Amino acid sequence: FFLKSTDKLLKTARFEIVGPKDLELAAALNADYYLESLPIALDFFNQGVSHVRVYRRGYSVASEEGIMLGEKFDYLQAQLVRKSLKFLAEPLLMPGRGLLWVYKRFLE
């Protein structure tokens, strides 16, 4: 009863079950985040779940026009921060790498 009423409610709200074509489209678009970004957590071993239904509600396309200076500055700032942190963290990693090398030699 619960599943039937849930299916009816979702179909009324224009949700559709994710099918093989949706998964093929996600793979073709290299959209690995398609199913990974769903806020779900399943424990198959404890609940004895044999199958799961996943619904979607259409596709959308986002488009913008203009120079988009803000986005460009955000990208440049992120790259600058990433590279500067990598430059600062590299000397800190060297002793750890040396200790790891000694530890691996010790295990041999």
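Reference entry: report on the structure contained in this document. Every value quoted in this text rests on a predicted model; they were computed, and no experiment measured them.

It is worth spelling out the overall build of the chain at this point. Per the secondary structure count, the chain includes five helices and two strands. Ordered by position from N to C terminus, the α and β elements of the chain give α-β-α-α-α-β-α. Across the 108 residues in the chain, those meeting the buried criterion constitute 7%.

Attention now moves to the side chain of D7. Relative to the helices and strands, D7 resides in helix α1 (residues 2-12). According to the relative accessible area criterion, D7 is buried, its value standing at 16%. Other than its neighbours up to four places away in sequence, D7 contacts R53 and Y55.

Over its 39 residues, helix α5 (residues 69-107) runs 54 Å from end to end, which matches the ideal 57 Å to within 8%, given 1.5 Å per residue. Its maximal kink placed at E90, α5 deviates by approximately 35 degrees, while the proline P91 follows within four residues.

One pass over the full model with this rule turns up two salt bridges. The shortest N-O distance in the salt bridge between R97 and E90 comes to 2.8 Å. What makes E90 partly exposed here is its relative accessible area of 31%.

Time to look at a nonpolar patch on the surface. On the surface, a cluster of nonpolar side chains totalling about 580 Å² of accessible area is made up of I67, L69, F73, Y75 and L76. Relative to the assigned elements, L76 resides in helix α5.

Moving on to α1. A small share of α1 lies buried, amounting to one of its eleven residues. In the segment just after α1, R14 is the residue with positive phi, at about 65 degrees.

Time to look at unusual backbone geometry. Notably, R14 is not glycine yet its phi reads approximately 65 degrees, a positive angle. Within the element layout of this structure, R14 appears in the loop between α1 and β1 (16-17). Taking relative accessible area as the criterion, R14 reaches 68% and is therefore assigned exposed. In this model, M68 sits at a positive phi of 55 degrees, which is unusual for a non-glycine residue. Along the chain, M68 falls in the loop between β2 (55-56) and α5. By relative accessible area, which is 36% here, M68 ends up partly exposed.

Moving on, we come to the environment of R57. Position of R57 relative to the elements: it lies in the loop between β2 and α5. Between the C-alpha atom of R57 and that of I17, which follows or precedes it by 40 residues, the distance is 8.8 Å. Residues within four places of R57 in sequence aside, it is in contact with A13, R14 and F15. Engagement of the side chain of R57 in a polar contact is seen with the backbone oxygen of A13, the distance being 3.4 Å.

Parameters and conventions
Residues numbered from 1 in each chain as written. Predicted model: local features only at pLDDT ≥ 70, side-chain atom pairs only at ≥ 80, totals over all residues. Heavy atoms only, no water. Helix = DSSP H or I, 4+ residues; strand = E, 2+ residues; numbered from the N terminus. Buried < 20%, exposed > 50% of the residue type's maximum accessible area, 1.4 Å probe, protein only. Contact = heavy atoms within 4.5 Å. Expected span 1.5 Å × (residues − 1). Bend = angle between axes of the 7 residues up to and from the residue. Salt bridge = Lys/Arg side-chain N within 4 Å of Asp/Glu carboxyl O. Patch = residues over 30% accessible without salt bridge, like charges linked within 9 Å, V, L, I, M, F, W, Y side chains within 5 Å. Areas by Shrake-Rupley, 256 points an atom, 1.4 Å probe, with all protein chains shown as cover. Polar contact = N/O pair within 3.5 Å; in protein donor to acceptor, adjacent residues only side chain to side chain.

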